[in-house]
Each structure stands twice: as structure tokens, then as C-alpha cells.
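Here are the chains, one letter per residue:
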Amino acid sequence: MIPGMHLTRIGRDAFLLEPARSLNIRDEARLIEHIAEKLQQAKASCLYYDLAELALIDPVYYAWLNALALTMAAINVRMICIHMQPTAAFSLSGFIAGEPAFETALDIPDVHFTGSPV
Amino acid sequence: MNQKLSEKLSALFSLKIGNISPLLEEPGKIHFGSDSNLMDDDEIADLSAEFLSLTAELLGSQNPDDRKSPEFHALEMFFASLSHKILMRGGRVEEVVRYTQLLQYALIEALEQDSGIPFTESRSVLHYFTSIFNELIMAVFRSYLEERERVLEAQEAELRETATPITEIWDGVLTLPIIGTLDSSRTMLVMEALLNRVAKDHADVVVMDLTGVQNIDSQVSHHLIQIVRAVQLMGSSAIITGIQPEIARALISLNIDLSGVTTRASLSDGLKEAFRRLGIQVSAKAS
């Protein structure tokens with residue numbers, strides 16, 4: 001169990017990360033290490049980051065998403081942000097300069113299925 | 001409120017005020033009946049009777065001068081609702097205000113006749129009715145302003161709707177033809193409407209057609225790129241079509257980076273690209 005988030009296996013090699021309100025991104029390094037460790041143990045190749053509950057993405061949160069995505073890329077895991085809210089997309093598009101380190105998708109593709117929490 | 005005035009008002013209330021009801025119909029007939037045809041005679045009679053009943057309740061209440069009493073609030077609501085009704089029927093707020101003023105004179109005259117009290121010698125009662133009716137005229141204006149605000153909001157919403165005609169032309173494909181001048185406020189409206197539709201319809205591809213756009217400035221072009229980026233961040237892809245040569249030249253001279261943006265010459269090319277991305281093949285029916 002990683003504090004402030006739910007990490008659920010949703011297929012053979014994919015995971016879903018649902019951040020809770022209590023997620024403390026100031027503890028970035030420790031959180032990223034935990035997530036990377038879990039995904040490596042499970043031989044995951046894809047991480048879906050659920051942004052459904054996030055109405056706004058500020059530069060601090062964007063930096064956290066980028067840092068996580070870059071670490072995931074380093075261990076050969078694709079990070080895909082899903083369910084980004086219009087308000088969050090609007091705020092984010094206003095300040096980012098280049099391409100983000102993560103991919104985006106509307107939803108989790110049908111090829112994955114719901115599994116059990118790890 | 002002084003004791004004397006309270007006693008005078010109670011004395012008025014104890015009169016058989018039903019007798020004066022027909023006298024109060026006159027202002028209604030003048031302003032809402034005859035030529036203006038906003039109310040028929042029966043409705044005017046009901047209106048006068050209701051007004052009289054509410055006035056009687058106020059005058060008979062514990063403190064007729066209390067503007068927060070339920071009796072006074074009921075009278076305010078009566079005038080607010082009358083104002084709303086007359087406006088909905090095509091009347092003007094001036095008619096309701098003039099009716100209210102005339103009603104005040106008619107009520108004072110009728111009460112004077114019925115009670116035998118010369119109000120010109122009783123300034124306190126006259127002052128009381130004047131202040132009550134001033135408040136009621138305020139209620140009429142408040143209702144008028146609320147109604148105007150509602151109409152303006154509805155018109156604005158309609159304008160927003162027509163300014164951003166987003167259509168789901170195929171499952172998962174949204175099209176947005178933009179016609180006319182794009183300014184910053186309109187671009188923001190487009191962005192808000194489009195992003196909400198992408199979320200609502202789970203659209204995979206958005207085709208924005210600029211064929212009808214004649215002018216574009218630096219700020220608007222940045223907003224356009226921001227729309228494309230926001231759509232992509234939500235997990236959809238955006239295609240811009242119909243960029244006129246002048247617009248293309250303007251975008252380049254403004255140093256707008258179009259490298260991350262898919263563009264096509266026409267809306268039809270944009271749709272073909274959208275279908276290609278979704279793996280949809282459209283072909284003519286074999287004869």
C-alpha cells in the first residue's frame with residue numbers, strides 16, 4: 001500500500017494509479033521509488049494515471065507528473081494520463097511549453113480488464 | 001411606530017373594506033385593460049380583491065410598519081408577481097409603476113371616503129401609505145430587473161450555442177466550423193465548449209474548420225494552439241482544416257509553432273484523416 005494512492009493491476013502488464021486527496025507530492029522521491037518498485041516486481045509495461053478527480057493542474061503537479069513519467073520511461077513503463085478534466089487541460093495547456101513526458105488518453109482501452117489491488 | 005398611527009390604521013382595517021374594492025379596479029382598467037389588453041375585467045377584479053385582502057392583512061397585523069413581517073412580504077410578492085406577469089404578456093415596467101402609483105391614490109381616496117377621516121389632516125397615515133407604496137414600487141423594479149437579467153442570460157446562452165456549433169459527425173468525431181471574426185473572448189468560449197464536449201462525448205478526434213475565418217491576431221492564434229494542446233492533453237487528437245493563405249502567412253509571421261498540429265486543406269480532407277485515425281473506411285456503394 002502506497003500512502004495517498006491506489007495502485008491496481010488492470011491486466012497482465014498494466015496498472016491503474018488513482019491518486020487520493022491525501023497524496024503528498026512533496027514526498028516525490030519516496031513515492032516514485034515505491035511505484036517503480038511495485039511495477040518492476042509485477043513486470044508492468046504500462047501505467048495509467050487517473051486524473052478524473054483533479055480539476056486543476058498547476059506547475060507543481062505537472063512537475064510531479066513529468067518526474068514520474070520520466071522515471072517510468074527509465075524502467076521501460078509507458079505512463080498514460082487518463083480522464084483529464086476540461087478545466088485541468090485548459091490550465092495545463094496555458095503554461096506548458098513543450099511536449100509532456102507522459103502520454104494522454106480519454107480512457108483505458110478495452111484490452112485491459114479490472115483486477116485486484118496490490 | 002407610534003401608538004396613534006397604529007390605532008388609526010387599525011381603525012381603517014376595521015372598516016368594511018369590501019365596499020371599496022370596485023374603486024380599486026379603475027387603475028387596473030386604465031393600465032392593463034382597454035387598449036393595452038393585458039388583462040380582462042375578471043382578472044382585474046381578482047387582482048384588486050387580492051390586493052385589498054393583502055392590504056387588510058397588513059393593516060390588521062401586529063405592527064403594520066414592520067417591513068420584515070410576513071404580511072408585508074406577501075404584498076411585495078404580489079407586486080413582484082404582477083410585474084413579472086405584465087412583462088411576460090408584453091407590457092412595460094412603466095405601466096406597472098404607474099398602476100401602483102394610481103392604486104395608491106385610489107386606495108387613499110377610497111379609505112378617506114369610507115372612513116370619513118380627512119387624510120390631508122392626518123399626515124402620519126398619508127406618510128405611512130406613501131412609504132409602503134415606495135417599497136412596493138421598488139419590488140416592481142426588482143422583479144423587472146431580475147426578469148431582464150434572466151432574458152439577457154438566456155440570450156447569451158443562445159449566442160454561445162450558435163457561436164460554437166459543435167457536431168458529432170461520426171461516433172467519436174467532433175466537427176467545429178468557425179465562421180466570422182475570432183477574438184479572444186470568442187476563442188475562450190470555443191475552447192470551453194469544445195473541451196466540455198470532448199469530455200462528454202469521449203471524442204477521439206476533433207476537426208476544427210477555419211475556412212470562414214478571415215482575420216486572426218497574435219493572441220487568438222496562441223489561443224488556437226492552446227485549444228489544440230488542451231484537446232491533445234485530454235487524450236483526443238485535433239485537426240485544423242481550411243486555413244486560408246492570409247491566415248497561414250499571419251501564423252508564420254507571428255512565430256506560431258504548428259509542428260505539433262495536424263492540418264489539412266479542407267474539412268473533407270480533415271474528416272478523411274479523422275476516419276483514417278479511427279480505422280474507418282468510407283467507400284462508394286458498389287452498383
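Summarised in this report is the structure supplied together with it. Please read these numbers as outputs of a predicted model, since none were measured by experiment.

### Digging into the packing of aromatic side chains
Residues and elements named next belong to chain B. Summed over all chains, the structure comprises nine aromatic pairs over all chains. Each ring, one from Phe 51 and one from Phe 79, has its centre 5.9 Å from the other, and the planes form 80°; the classification is edge-to-face. Of this pair, Phe 51 sits in helix α3 (residues 41–59) while Phe 79 is found in helix α4 (residues 70–88), placing the two residues 28 residues apart along the sequence. A single burial state applies to Phe 51 and to Phe 79, both of which are buried. Taking 5.4 Å as the distance between ring centres and 70° as the angle between the ring planes, the aromatic pair formed by Tyr 128 and Phe 129 counts as edge-to-face. As far as burial versus exposure is concerned, Tyr 128 and Phe 129 are alike and both buried.

### Some remarks on the interface of chain A and chain B
If you look at the interface, chain A gives 16 residues, while chain B gives 17 residues. At the boundary of chain A with chain B, total buried surface from both sides reaches about 1,300 Å², with 66% on carbon and sulfur atoms. The tally of links from chain A across to chain B stands at zero salt bridges. Run the count over chain A and chain B and you get five residue pairs in polar contact (both at pLDDT 80 or more). At the level of secondary structure, the elements contributing two or more residues to the side of chain A that touches chain B comprise α3 (86–95) and β5 (103–105) of chain A. Sort the elements by how many residues they give to the side of chain A that touches chain B and α3 of chain A lands first, with six residues. Considering only residue class, the side of chain A that touches chain B consists of eleven nonpolar, four polar and one charged.

### So, the packing of α3 of chain A against helix α8 (residues 218–233) of chain B
Following both chains from N to C, one finds α3 of chain A and α8 of chain B inclined at 125°, their axes separated by 8 Å at the closest point. The orientation of α3 of chain A relative to α8 of chain B falls into the category oblique. Relative to α8 of chain B, the crossing made by α3 of chain A is right-handed. Across from Ala 89, Phe 90, Leu 92, Ser 93 and Gly 94 of chain A in α3 of chain A, the residues of α8 of chain B making contact are Gln 226, Arg 229, Ala 230 and Leu 233 of chain B. Classifying every residue of the contact of α3 of chain A with α8 of chain B gives five nonpolar, three polar and one charged.

### What to know about the sheet that holds strand β4 (residues 237–241) of chain B
Residue and element names in this part refer to chain B. What the five strands build is an open sheet, ordered β1-β2-β3-β4-β5; its pairing is mixed. One side of each edge strand has no neighbouring strand; the edge strands of this open sheet are β1 (167–170) and β5 (262–264). Pairwise comparison of adjacent strand axes, ignoring direction, gives a mean angle of 30° for this sheet. Bridge count between strand β2 (residues 173–180) and strand β3 (residues 205–213): seven bridges; the pairing is parallel. The partner of Val 173 across the bridge, within β3, is Val 205.

### Some details on α3 of chain B
Every α-helix winds through 3.6 residues per turn, so residues three or four apart in the chain are directed the same way. The end-to-end C-alpha distance of α3 of chain B is 27 Å, a good match for the 27 Å that 19 residues give at a rise of 1.5 Å each. Among all positions in α3 of chain B, only Ile 44, Leu 47, Ser 48, Phe 51, Leu 52, Leu 54, Thr 55, Ala 56, Leu 58 and Leu 59 of chain B are buried.

### Thoughts on the sheet that holds strand β3 (residues 46–50) of chain A
Adjacent strands of a sheet pair through backbone hydrogen bonds, lying either parallel or antiparallel. Residue and element names in this part refer to chain A. Read from one edge to the other, the open sheet built from five strands follows the order β1-β2-β3-β4-β5, with strand pairing classed as mixed. Two strands in the sheet have a free side with no partner beyond their single neighbour: β1 (5–9) and β5. For this sheet the average axis-to-axis angle between neighbouring strands, irrespective of direction, equals 25°. As paired elements, strand β2 (residues 14–19) and β3 share four bridges and run parallel to each other. Across the sheet, Leu 16 pairs through a bridge with Tyr 48, a residue of β3. Contacts from helix α1 (residues 28–41) reach β1, β2 and β3 within the one sheet, and its direction differs from that of β1 by about 15°.

### Observations concerning unusual backbone geometry
Most peptide bonds are trans, and most residues other than glycine sit at a negative phi. All names here are of chain A. Here Lys 43, not a glycine, exhibits a phi torsion of approximately 55°, which is positive. Mapped onto the elements, Lys 43 comes out in the loop between α1 and β3. You will see that Asn 76, though not glycine, has its phi angle at about 65°, which is positive. Its location among the elements puts Asn 76 in the loop between α2 (59–74) and β4 (78–82). A residue is classified by how much of its surface remains accessible, and Asn 76, at 65% relative accessible area, is exposed.

Rules used in this analysis
Residues numbered from 1 in each chain as written. Chains lettered and ligands numbered in written order. Predicted model: local features only at pLDDT ≥ 70, side-chain atom pairs only at ≥ 80, totals over all residues. Heavy atoms only, no water. Phe/Tyr/Trp six-rings, centres within 6.5 Å; stacked < 30°, edge-to-face > 60°. Helix = DSSP H or I, 4+ residues; strand = E, 2+ residues; numbered from the N terminus. Buried < 20%, exposed > 50% of the residue type's maximum accessible area, 1.4 Å probe, protein only. Contact = heavy atoms within 4.5 Å. Buried area = accessible area lost by both parts, 1.4 Å probe. Salt bridge = Lys/Arg side-chain N within 4 Å of Asp/Glu carboxyl O. Polar contact = N/O pair within 3.5 Å; in protein donor to acceptor, adjacent residues only side chain to side chain. Nonpolar A, V, L, I, M, F, W, Y, C, P; charged D, E, K, R; others polar. Axes fitted to C-alpha atoms, helices over the stretch in contact; angles between N-to-C directions. Parallel < 35°, antiparallel > 145°, perpendicular 65-115°, else oblique. Left-handed = near helix turned anticlockwise from the far one by under 90°. Pairing = 2+ DSSP bridges. Expected span 1.5 Å × (residues − 1).

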